[in-house]
Amino acid sequence: MLDESLLDAPDDLARVDRRGLLRGAAEAGARVRTAARHASEAGIATLRPDGRPRAVLIAGPGTAATGVADLLGALAGASAPVIRLDPTGVAHASGALRWALPGWAGSVDLLLVATTDGTEPGLAVLAEQAYRRGCTVVAVAPERSPLSEAVDGAHGLLVPMAKAPYQEFDESAAAGPGALWALLTPLLLLLDKVGLITAAPDTLQLVADRLDRTAERCGPAIATYSNPAKTLAAELADSLPLIWSEGTGAGPAGRRFAATLAELAGRPALAAALPEALPAHGVLLAGDFAAGADPDDFFRDRVEEPQALRARVVLLRDRPAGGLTAAPAARELALSHDTAISELEPEEGAELEQLAELLAVTDFATAYLALASGGHS
């Protein structure tokens, strides 16, 4: 059950937010600026690359590294394949994880390592393997960590991970927004330098500004009725979110939203891109999760019996309205099954700005849903 009264009690939200979810979301813009400065100081701004890499390989544990790989892959498009190296091992612990380069990786490929921990022996071994193969290695990791020494030994480039202005919370879970932007920002600047994406320093300043403005709209002091993140959190209470995305950046934003809802709020969610989402999730709208699935639901004892999950469509879009779009078909499908629909579409701006706004609103919504549902331990 969602305690909606908690959403409009900023002091109580701050008290129960032991993991710093709201602070992490609010400080995302500051984290981008700090990470950009670290990237410049590490030498990314002065790089003179010989050309584009054949492929970009990304390794790192947790939700943040997964999100970084997904976002960079979407932004790079057809410029070069961006491939996440999935970890293996007997447990999700820094000492148990292992990564391996594909057999074809060599001197024309680029290995990116992204971690909020830096103590993983498997990443150090991977950096050494890449050095022997001739791959260029760039890592974003905590300064003076064991990984930083391994990257130095592999003649790679290390960008120290940017900490929050007031670092009080453990980010080892790497699902929060601060960790995402701390790892993503230097790699955006790097791939801009090698010509795979467009993310110049001026663009990232605009991204930081957009994150700040979104934080002002979505912050704890803003009432639910005019706060898009609190509104979305309230709408998703007792629902199974079907996150349908349209646009280059909306796809990874939707998949990250589903991942953080599960990891931080303990809520199941399914993500799919339009138009494939329509057949993929269509039966869910007509089955047990449909709004009118149980005709006896009206007579349910609301005190004794928990409410069944009902599907709710969340439509994320990062392309301007008009043109070729599957959104009308998505709305028609949802409404034909009496399924409620929430829509998020960012203000106009550069592609990265729109993506940042979608990420920020959904990160705040995840935080509010986690805290108001009791998921703040």
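For the structure itself, look to the data block above.
Quick caveat: nothing in here was measured; it's all calculated off a predicted structure. (Residues numbered from 1 in each chain as written. Predicted model: local features only at pLDDT ≥ 70, side-chain atom pairs only at ≥ 80, totals over all residues. Heavy atoms only, no water.)

1. Structural notes on the nonpolar core
We count it as follows: Side-chain atoms within 4.5 Å link the members of a nonpolar core, which is a set of buried Ala, Val, Leu, Ile, Met, Phe, Trp, Tyr and Cys residues. Throughout this description, buried means an accessible area under 20% of the type-specific maximum (1.4 Å probe, protein chains only), exposed means over 50%, and partly exposed covers the range between. A run of H or I in DSSP becomes a helix once it reaches four residues, and a run of E becomes a strand once it reaches two; helices and strands are each numbered from the N terminus. Contacts: residue pairs with any heavy atoms within 4.5 Å of one another.
Of all hydrophobic cores here, the largest spans 88 residues; its most connected members are Leu72, Leu112, Trp181, Leu187, Leu188, Leu191 and Ile197. With 15 residues, helix α14 (residues 351-372) is the largest single contributor of residues to this core. Contacts of Ile197, omitting those with residues within four sequence positions, involve Leu72, Leu75, Ala76, Leu188, Leu191 and Asp192. Ranked by size, the runner-up nonpolar core spans 20 residues in total, among them Ala59, Leu101, Ala105 and Leu123.

2. Examining the sheet that holds strand β7 (residues 270-273)
The line we're drawing: A pair of strands is treated as paired once DSSP finds two or more bridges between them. Only C-alpha atoms enter the line fits that serve as axes; for helices the fit covers just the stretch in contact. Angles between N-to-C directions range over 0 to 180 degrees.
Pairing is parallel in the open sheet, where four strands are placed in the order β7-β6-β8-β9. What marks the edges here is a single partner per strand, and that holds for β7 and β9 (341-344). When strand polarity is set aside, the average angle formed by the axes of neighbouring strands in this sheet is 20°. Two elements, strand β6 (residues 239-246) and strand β8 (residues 310-317), share eight bridges in a ladder whose sense is parallel. If you follow Ser245 over to β8, its bridge partner there is Leu316. Strands β6, β7 and β8 of the sheet are contacted by helix α11 (residues 250-265), whose axis makes an angle of about 160° with β6.

3. Here's the deal with unusual backbone geometry
The general pattern is negative phi for most residues beyond glycine and trans for most peptide bonds. Cis geometry marks the peptide bond from Leu274 to Pro275, where omega comes out at 5°. With respect to the helices and strands, the residue Pro275 is situated in the loop between β7 and α12 (277-286). Within the chain, His155 stands out as a residue other than glycine whose phi angle is a positive 55°. By the element assignment, His155 lies in the loop between α7 (146-153) and β5 (157-160). Positive phi, normally seen in glycine, also occurs at Asp238, with a value near 60°.

4. Considering the packing of aromatic side chains
Using the following cut-off: To pair, rings of Phe, Tyr and Trp, with the six-membered ring standing in for Trp, must have centres within 6.5 Å; the planes then decide the type, stacked if under 30 degrees apart, edge-to-face if over 60, and tilted in the middle.
Counting across every chain of the model gives one aromatic pair. Aromatic pair Phe364 and Tyr368: ring centres 6.2 Å apart, planes at 25°, arrangement stacked. With Phe364 and Tyr368 both in helix α14, this residue pair falls four residues apart, about one helical turn. Accessibility assignment for this pair places Phe364 and Tyr368 in one class, buried.

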